[in-house]
Structure formats: C-alpha cells, structure tokens
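Single-letter residue listing:
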Amino acid sequence: MRYPEVRRDETVETIHGEAIADPYRWLEDGESEETRAFIEAQNAFAEPLLAALPSRDEFRERVSALLTAPTRGCPWARGGRVFAWHSDGQNQPVLVTADSVDALDDASAAGTRVLLDPNLLSDDGTVAVTMASVNPEGTLLAYGAADGGSDWRTIRIRDVATGEDLPDEIRWTKWNGAVWLPGGRAFSYWAYDAPAGDALTDEMGAGRLMRHDVGTDVAEDAVLFTRPDAPRMFARHWPRDDDWFVLSTDTGSSSGNDLAVRRHGDDALRQLVEGHEHEWNAIGIHDGALFVVTDEGAARYRLAVFDLATGRESTVVPEHPEDVLLDASLTATGLVLEYSHDASHRMQLATFAGELGDHVPLGDGVSITGSDTSQDSRVVLATTESFVDRGTRHVIEVDGARLVAHRTLPTPGPAAPAATTERIRATSTDGATVPAFLVRPAGDDGSAPRPTLIWGYGGFNIPMNPGFRAVLAAWVGAGGVLVVPNLRGGGEFGTDWHKGGTKERKQQVFDDLFAIAEHLVATGVTTHAQLALHGRSNGGLLAGAALTQRPELWAAVLPGVGVLDMLRYHRFTIGWAWASDYGDPDEADAHAYLRAYSPLHNVREVAHPPTLITTGDHDDRVVPAHSFKFAAELQRAQAAARAAGLDADAPVLLSVDTRAGHGMGKPKDAAALEFADQLAFAAHHTGLDDRLREGQAL
C-alpha cells in the first residue's frame with residue numbers, strides 16, 4: 001500500500017519553550033491549490049478501497065432505508081396554529097403547519113400545508129434550514145438557511161398566511177435563533193461582521209446581539225449588546241417576555257453564564273448574576289419572578305427564581321438526590337420538569353411554588369428530544385426517542401402538578417430494527433464506575449463474542465442518552481452490538497461528572513473509554529479483533545486519542561470531523577470557545593496537558609489498526625485541517641512502521657466530502673454514502689461482513 005505523497009516542510013514553532021514541529025501547516029489553507037490537490041489525491045486513494053468493501057452496498061441500502069423512513073419532529077403551537085418538521089424521505093425535512101396537532105399528519109385537512117420546503121432552496125439538497133422561529137401571534141416565520149453544511153446562515157422572514165418571503169435578508173449570522181420581541185414584528189439575533197478573509201477558517205471577532213424590525217433596512221438594525229473589548233463573548237436574549245428583556249452572556253461552549261434584565265423600553269440593564277462561574281438557564285417569567293435552572297450550589301441542578309422587583313434569588317425545586325434536572329418550562333398552571341435518571345429521561349409536573357406532582361409516563365429508556373409549552377396553555381407537546389424507537393409524539397394536558405390526560409401520536413413508516421438495551425458498568429482508573437448502554441440485535445443471547453461498535457463523545461456537558469441514529473441502527477440491524485458509554489466530560493450525571501473530564505482531567509475521559517473497552521472483552525461481549533470505535537467532533541478527538549494511546553485495543557477506528565490538533569484548535573473560527581472544556585493552549589499549564597494527549601502530536605511509528613478519517617471541506621466549526629494534518633502524519637507513521645518490519649499493513653484512509661460541513665443539515669443521500677463507508681469499513685475489519693455473507697446476521 002503506497003500512500004499519496006504529502007509534502008512535509010520545516011515549520012517549527014517554539015511554544016512555552018518547546019519546539020513544536022508542524023510540517024503540514026500549509027494544509028490549514030483550505031483554498032490553496034496544493035490543499036485542493038491533497039484532497040483530490042486522498043479521495044482518489046480512499047475511494048477504490050472503500051468501494052471494494054464487501055458490505056458497502058448493503059449498508060448503503062440499510063442506511064438509506066432508515067434515513068428516508070418518515071420522521072415527525074416535536075410540534076409547537078403559536079397563535080392558534082401548530083407547526084412541526086416532517087420528513088417523508090426528502091433530503092431535508094419540510095416545515096408543516098396545521099390548525100391542530102392531529103391535523104398535522106392529514107394533508108387533506110383544511111389548513112394543513114407545507115409552509116417551508118428547504119429542498120427547493122438548492123438543486124442538490126445542500127442548503128438546510130438550521131433555525132426556525134414563529135412569532136407568538138403565529139403570523140411570521142424567521143428562518144435561517146445554511147449552505148453546504150456551514151454554520152453561517154442567512155435569516156429570512158416568511159409570511160405564514162401567504163407562504164411568501166418578505167424582502168428582509170440578514171447575512172453573517174450564527175448560533176442564536178431569532179427571539180421575538182413584544183408585538184411580534186421584531187426579533188433579536190446574533191451577528192458578525194462579514195469575514196475579511198476565509199469565512200471557513202479565520203478566527204471570528206466580536207459578535208453583536210441585534211434587533212431587527214420586520215420590513216426595515218437591515219443596515220438600520222439596532223445593537224442590543226456588544227463587547228468589542230471582550231470578543232470571546234456570546235449573548236442571547238432569552239426567554240421572550242412581554243414585560244422584561246432578559247440577557248444571558250457567556251464566554252465558551254460549556255462555561256457559566258451571567259444574567260441581566262431590564263424592562264422593555266428602559267435603557268439600563270440590571271445585573272442579576274456575574275462572574276460566568278455557573279450556569280443560569282432562564283426558562284420564563286411568572287408573576288414577577290424569573291425562573292432559572294442552575295448548577296450554583298447544586299451539581300445536579302436546581303430550579304431557582306429571581307424576584308425581579310428586588311433581585312433576590314431563592315430555590316423553588318431543590319437538587320434531586322440522584323437525578324439531574326435537565327430543563328424546566330412554564331405552562332398556564334404550573335411547571336414541567338425534565339430529569340435525567342441514569343442517563344435516561346423522565347418528566348414530572350410541579351406547582352409554581354415547587355410542590356412536586358405527577359410523573360408523565362413517557363416510557364422507559366427514552367430521551368426527551370423536544371418539548372413545547374406556553375404560559376397561555378395547559379397543553380404540553382413533547383417527543384421521545386430510544387435506540388429502538390424512531391420517535392414518539394406526546395400530547396399532554398396538565399393542571400398545575402396534576403396530569404389530566406396523556407396520549408401519543410404514531411409515527412408512520414416501518415419500525416426500527418428490533419433490539420434489546422441493557423446497562424453495563426466498568427471501573428475506571430480512579431475507581432469510579434462508568435456506565436454504558438449495550439444494545440444487542442434481537443436474538444443475540446450474548447453467548448458468543450460479536451462484532452461491536454463503540455460510539456463515544458465525552459465532553460461539553462453533552463449527554464449520550466438513548467436516541468435513534470440511522471448509522472447506529474443500521475449496525476444493530478446488520479447483527480452488530482452497539483455500545484454507547486457515558487464518559488466523564490458528558491452531561492449525564494451533572495456538573496461534577498462534566499468537570500471531571502475537562503482541562504487537566506481530560507485524560508480521564510480516555511481512561512473511562514479504555515475501561516469500557518476492556519470490560520467488553522473481559523465479559524465476552526466482544527474481542528479486540530471485533531471491536532471498532534467511532535466518534536464525531538469532540539468524539540473524533542476521543543477516537544484520535546484512543547488510536548494513538550491504545551492502538552492494540554481496536555480492530556478499526558473511525559474519527560469523524562475530529563478536534564485533533566490540540567495546540568492550534570483555538571486559532572480557527574469558533575475554536576477559542578472550547579477552552580472552557582479543553583483549556584487555553586496559550587497558557588503554559590494547559591499547553592503541557594494538551595501536548596500530552598493531542599492526537600496529532602502523539603502519533604508514533606507503530607502498527608495502527610485500520611483507520612478511516614472523515615471530514616467535510618466546508619466544516620467551519622472543526623476546520624478540516626485537523627483531519628488533513630492527522631491523516632498525513634498517521635499515514636507517514638504507518639508507512640515508516642511497515643518499513644521497519646512491523647505488521648503495519650492496515651489501511652489509513654482519509655475521505656473528504658467536498659460539499660459538506662460539520663454535519664448539520666447534510667442531505668440524506670450524502671449522509672447515506674458517508675455512513676455506508678464507515679459501517680462497511682468497521683464491518684470488514686471486525687468480521688461483521690463475514691457474518692453477513694454467511695447469512696449469520698440477525
């Protein structure tokens with residue numbers, strides 16, 4: 001196997017007294033002719049090998065069937081109308097509106113129609129709608145369209161009655177959705193200056209929270225908040241309220257936030273919280289009190305209120321002794337609380353005073369994937385998923401803390417592949433117990449080791465809960481075992497669990513993963529020769545670190561859109577915001593521990609397992625240079641190990657989608673190709689495709 005030739009130069013940078021070689025820095029220029037040639041050469045090298053995978057076509061069929069099966073998003077009600085995202089196999093889901101929840105699925109019902117079809121915004125399905133917000137009156141839709149997987153989006157306004165777009169167009173916006181202001185004719189949004197250089201790679205400057213009045217010139221939009229002296233700060237206006245403007249500011253992807261308030265029409269903000277030390281997630285205002293979910297003094301979160309007359313804060317629902325309070329919302333008569341119990345979700349009702357009431361029977365082993373409430377209604381709309389449920393919609397009627405009625409709406413289409421889910425637990429290096437979901441295909445009694453795929457993340461307070469993902473369901477449907485671990489750094493068990501896998505403690509995340517992998521082998525679930533690892537984004541970092549630290553553990557590793565250069569991640573687009581989890585490489589202490597595990601800087605000339613690195617050349621969140629540089633260095637090291645006589649014949653491939661970004665809004669046909677490559681690669685190197693050929697798959 002002869003890898004593409006990749007130029008290495010003599011670039012060396014001295015950082016905190018250490019000389020750091022960076023021979024592929026030229027690959028950071030994604031638009032240069034040399035980088036484009038690199039992409040073409042890598043794809044030309046990888047494609048024949050991927051095309052030859054025995055189960056590629058079968059997995060493409062399996063994934064396509066799952067991706068094109070009907071889906072129904074969580075409905076939301078505004079101004080007497082109901083809205084929801086529906087998909088019946090299109091590349092992009094369509095926004096449907098109706099007079100009632102039940103009418104959403106009845107295309108013949110009066111008032112039921114498609115309000116917005118993103119598939120009409122481009123010829124190839126690569127323009128996605130990544131934000132949609134209907135005003136409380138139900139008359140106007142603000143939606144954000146993103147091209148080619150970019151995080152950049154352009155906001156447009158659509159008249160709900162006519163289905164026509166108004167002339168308004170707001171470019172160079174990111175992150176925040178549109179939050180409507182009183183009267184329903186103006187909203188806030190987060191914007192940046194038009195990029196002076198490369199919009200897909202250059203570090204972003206200070207943003208601004210803006211106000212746009214529908215029908216006016218965007219150039220006249222008012223600035224609601226900006227801090228040019230603190231460019232690494234975000235702000236959002238939330239929640240919407242007719243009397244109060246609530247401003248939340250933060251400085252990173254999972255850092256704490258501050259809160260300030262003012263009455264609409266007043267000039268001065270009144271600070272409620274400052275210091276950016278804890279999370280204060282505002283959910284709504286009732287009877288002069290601002291309700292917030294916070295981890296201040298409560299690692300598993302509590303529900304608090306601020307008296308807006310005095311600014312005094314008090315607890316309404318205290319921290320639960322075991323479960324994590326994920327979110328809360330206000331109805332006309334009380335509170336809806338969403339909890340995580342052992343990484344699955346439950347819903348409970350309460351009074352405004354915090355008296356706990358009925359549980360809503362959503363089912364066992366599910367995740368709440370969406371919910372909608374209104375302070376003018378007693379109806380709660382919600383959706384749930386599990387590893388074996390593509391989605392269930394719930395219509396819930398409440399009276400304060402009492403459940404009045406609960407019914408579900410079926411999702412059309414075939415059922416997900418049959419499987420059973422159980423919890424397993426392993427002991428990590430520090431003695432902590434690390435749990436994981438283990439999903440077996442129906443009929444697998446566990447009596448023999450089976451090809452197994454670990455899907456991991458472990459970061460940014462993001463939980464890995466039961467959820468339906470086509471790429472994972474296709475693996476289980478083909479007869480493979482799926483394992484989803486709840487690693488430190490994630491949000492499954494509260495603030496302490498999250499912070500236990502951040503900054504100088506990041507290595508603990510990798511150690512947790514290794515403990516799960518070794519447990520799977522020790523208990524006979526699988527063998528090292530049958531164990532594959534897949535992760536995306538921060539999960540791509542997880543996969544890259546696991547590959548470089550413990551190559552012998554894996555039959556195949558698949559880092560997707562990964563953060564792989566930990567010494568320069570902060571120099572591109574929004575990378576600096578991740579210092580809340582990773583630490584700042586410009587600080588000497590952080591440099592030391594980042595250098596110790598950075599996948600790019602810890603590639604050794606040893607035998608690596610089969611590796612498939614994937615990215616998109618339009619990724620402006622985790623720029624593709626991470627994957628480019630890592631792939632080049634890993635191929636060099638693998639070739640050197642083979643030349644030294646080691647058994648290093650396993651392929652190291654880089655596959656680059658040239659019309660995709662970080663993954664959001666990716667067309668279903670393109671996603672099916674990517675997932676098929678990944679699954680077929682894992683299946684080939686774990687032996688699952690042998691079982692498929694022999695008809696042993698369940």
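Everything below is about the structure shown above.
Along every chain, residues carry numbers that run from 1 in the direction the sequence is written. The model is predicted, so local features are restricted to residues of pLDDT at least 70 and side-chain atom pairs to those at 80 or more, both for listing and for counting; the totals for chains, interfaces and linings are taken over all residues. Values reported for side chains reflect all heavy atoms of the structure, with hydrogen atoms and water molecules removed beforehand.

### A few points about the overall build of the chain
1) Next: The way it works is that DSSP assigns letters per residue, a run of H or I at least four long becomes a helix, a run of E at least two long becomes a strand, and they are numbered from the N terminus. The helix and strand tally for the chain stands at 11 helices and 39 strands.
2) Next: With respect to the principal axes defined by its C-alpha atoms, the chain has extents near 75 × 55 × 50 Å.
3) Next: For the exposure calls, accessible area comes from a 1.4 Å probe over protein chains only, and a residue counts as buried if that area is under 20% of its type's maximum, exposed if over 50%, partly exposed in between. Among the 698 residues that make up the chain, the fraction classed as buried is 59%.
4) Next: Residue contacts are defined here by distance: any two heavy atoms, one from each residue, within 4.5 Å place the two residues in contact. In the chain, of all internal contacts separated by at least 6 residues, the share reaching a separation of at least 24 is 57%.
5) Next: Mean positive and mean negative side-chain charge positions of the chain (61 and 102 charges, respectively) differ by 1 Å. The positive count covers Lys and Arg only, the negative count covers Asp and Glu only, and His and the chain ends enter neither. A charge is said to be at NZ when it belongs to Lys, at CZ for Arg, at CG for Asp and at CD for Glu.

### Topic: unusual backbone geometry
1) Next: For the bond from W238 to P239, the omega torsion is -5 degrees, close enough to zero to count as cis.
2) Next: For P239, the position within the fold is in the loop between strand 16 (234-237) and strand 17 (244-250).
3) Next: Its identity as a non-glycine residue notwithstanding, Y301 has a phi of 75 degrees, on the positive side.
4) Next: Relative to the elements of secondary structure, Y301 occurs in the loop between strand 21 (289-294) and strand 22 (302-307).
5) Next: With a relative accessible area of 6%, Y301 lands in the buried category.
6) Next: Even without a glycine there, the phi angle at T573 is positive, about 35 degrees.
7) Next: Tracing the sequence through the fold places T573 in the loop between strand 37 (556-560) and helix 7 (579-582).

### Details of helix 1 (residues 33-51)
1) Next: For helix 1, spanning 19 residues, the distance from its first C-alpha to its last is 27 Å, which sits close to the expected 27 Å at 1.5 Å a residue.
2) Next: Looking at helix 1, one finds that the buried residues are T35, F38, I39, Q42, F45, A46 and L50. Projection of helix 1 onto a plane perpendicular to its axis shows the buried side chains occupying an angular sector of 140 degrees, all on one side. Those residues of helix 1 that are exposed and angled more than 90 degrees off the buried face are E33, E40 and A44.
3) Next: The inward-facing, buried residues of helix 1 contact helix 2 (56-68), strand 38 (611-616), helix 9 (625-643), strand 39 (652-657) and helix 10 (668-686). Take the residue count of a helix, subtract one, and multiply by 1.5 Å to get its expected span. The arc in question is the one spanned by the directions pointing from the helix axis to the C-beta atoms.

### Quick look at the sheet that holds strand 18 (residues 257-263)
Within a beta sheet, neighbouring strands are joined by backbone hydrogen bonds and run either parallel or antiparallel to one another.
1) Next: In this analysis, strands are considered paired if DSSP registers two or more bridges between them. What the 4 strands build is an open sheet, ordered 16-17-18-19; its pairing is antiparallel. Only two strands of the sheet have a single neighbouring strand rather than two, namely strand 16 and strand 19 (270-273). Direction aside, the axes of adjacent strands within the sheet are offset by 25 degrees on average. Simply put, an axis is a line fit to the C-alpha atoms, just over the touching stretch for a helix, and the angle between two N-to-C directions goes from 0 to 180 degrees.

### What to know about the sheet that holds strand 22
1) Next: The strand order across the open sheet formed by 4 strands is 20-21-22-23, and the pairing between neighbours is antiparallel. Strand pairing shows two members of the sheet lacking a second neighbour, strand 20 (280-286) and strand 23 (313-317), which therefore form its edges. This sheet shows a mean twist of 30 degrees between the axes of neighbouring strands, independent of strand direction.
2) Next: Across 6 bridges, the pairing between strand 20 and strand 21 is antiparallel.

### Here's the deal with the environment of D669
1) Next: Structurally, the position occupied by D669 is in helix 10.
2) Next: In this structure, the C-alpha to C-alpha distance between D669 and S64, residues 605 residues apart in sequence, is 7.2 Å.

### Notes on the side chain of H212
1) Next: Counting through the fold element by element, H212 comes out in strand 14 (residues 208-213).
2) Next: Judged by relative accessible area, H212 falls into the buried class, the value being 0%.
3) Next: Polar side-chain contacts of H212 include one of 2.6 Å to the side chain of D168.
4) Next: Discounting residues that sit within four places of it in the chain, H212 has contacts with D168, I170, R185, A186, F187, Y189, V218 and D221. Any N or O atom pair separated by 3.5 Å or less is treated as a polar contact, with the protein-specific requirement of one donor-capable and one acceptor-capable atom, and with residues adjacent in sequence counted only for side-chain atom pairs.

### Looking at the pairing of strand 24 (residues 324-330)
1) Next: When you tally the buried positions in strand 24, you get 5 out of 7 residues, the bulk of the element.
2) Next: With 6 bridges connecting them, strand 24 and strand 25 (residues 335-341) associate as antiparallel partners. Within strand 25, the residue paired with L330 across the bridge is L335.
3) Next: From the end of strand 24 to the start of strand 25, which pair antiparallel, there are 4 residues.

### Thoughts on the pattern of salt bridges
1) Next: A carboxyl oxygen of Asp or Glu within 4 Å of a side-chain nitrogen of Lys or Arg is what we treat as a salt bridge. Under the criterion given, the structure shown has 49 salt bridges.
2) Next: For the salt bridge of R25 with D22, the shortest nitrogen-to-oxygen distance reads 2.8 Å.
3) Next: Several salt bridges share partner residues, and in doing so they unite E13, D22, R25, E28, D565, R568 and K629 into one network.

### Here's the deal with the packing of aromatic side chains
1) Next: Note on ring pairs: Phe, Tyr and Trp rings are taken, using the six-membered ring of Trp, and paired if centres are within 6.5 Å. Classes follow the plane angle, with under 30 degrees stacked, over 60 edge-to-face and the rest tilted. Enumeration over the complete set of coordinates arrives at 19 aromatic pairs.
2) Next: Between W190 and Y192 the ring centres are 6.2 Å apart and the planes differ by 90 degrees, which places this aromatic pair in the edge-to-face class. Side by side, W190 and Y192 carry an identical accessibility label, which is buried.
3) Next: With 5.6 Å between their ring centres and 50 degrees between their planes, W280 and F306 make a pair best called tilted. Of this pair, W280 sits in strand 20 while F306 sits in strand 22, placing them 26 residues apart in sequence. Assigned by exposure class, W280 and F306 land together as buried.
4) Next: Through successive ring pairs, a cluster of aromatic residues spans W152, W172, W190, Y192, F234 and W576.
5) Next: Charge-over-ring placement is defined geometrically: NZ (Lys) or CZ (Arg) within 6 Å of the ring centre, and within 35 degrees of the ring normal. Of note, R262 hangs over the ring of F245, and the distance from its end group to the ring centre comes to 4.4 Å.
6) Next: Cation over ring: R550 sits above F514, and NZ or CZ is 5.4 Å from the ring centre.

### Focus: the pairing of strand 25
1) Next: Counting buried positions along strand 25 yields 6 of 7 residues, so the element is predominantly enclosed.
2) Next: Bridge count between strand 25 and strand 26 (residues 344-350): 7 bridges; the pairing is antiparallel. Bridge pairing in strand 26 places H341 opposite S344.
3) Next: What sits between strand 25 and strand 26 in their antiparallel hairpin is a turn of 2 residues, with D342 showing a positive phi close to 50 degrees.

### Considerations on the nonpolar core
1) Next: We define a nonpolar core as any set of buried Ala, Val, Leu, Ile, Met, Phe, Trp, Tyr and Cys residues linked to one another through side-chain atoms lying within 4.5 Å. Ranked by internal contacts, the top residues of the largest apolar core, which has 126 residues, are F59, W554 and Y582.
2) Next: Residue contributions to this core peak at 9 residues, all from helix 10.
3) Next: Look past the residues within four positions of F59 in its chain and what remains in contact with it is A474, W475, A478, A676, L679, A680, A683, L688 and L692.
4) Next: Ranked by size, the runner-up nonpolar core spans 18 residues in total, among them Y301, V317, Y339 and F352.

### Re the packing of helix 2 against helix 3 (residues 470-477)
1) Next: Across the interface, helix 2 lies against helix 3 with an axial gap of 9 Å and an inter-helix angle of 130 degrees. Comparing the axis directions of helix 2 and helix 3 gives the class oblique. Helix 2 and helix 3 meet at a crossing whose hand is right-handed. Residues F59, R62, V63, L66 and L67 of helix 2 lie in contact with helix 3, whose contacting residues are A470, A473, A474, W475 and G477.
2) Next: For the contact of helix 2 with helix 3, the class distribution of residues is 8 nonpolar, 1 polar and 1 charged. Any angle that falls under 35 degrees is termed roughly parallel, while one over 145 is termed roughly antiparallel, one within 65 to 115 roughly perpendicular, and all others oblique. Left-handed is the label given to a crossing in which the near helix is rotated counterclockwise from the far helix by less than a right angle, and right-handed is the label when the rotation is clockwise. Residues were grouped as follows: Ala, Val, Leu, Ile, Met, Phe, Trp, Tyr, Cys and Pro as nonpolar; Asp, Glu, Lys and Arg as charged; and all remaining residues, including Gly, as polar.

### Remarks on the side chain of N465
1) Next: Here N465 lies in the loop between strand 34 (452-455) and helix 3.
2) Next: Residue class for N465 comes out buried when judged on its relative accessible area of 9%.
3) Next: Only 3.3 Å separates the side chain of N465 from the side chain of H345, close enough to count as a polar contact.
4) Next: Here N465 is in contact with S340, A343, S344, H345, S367, F387, F437 and E492, once residues within four sequence places are set aside.

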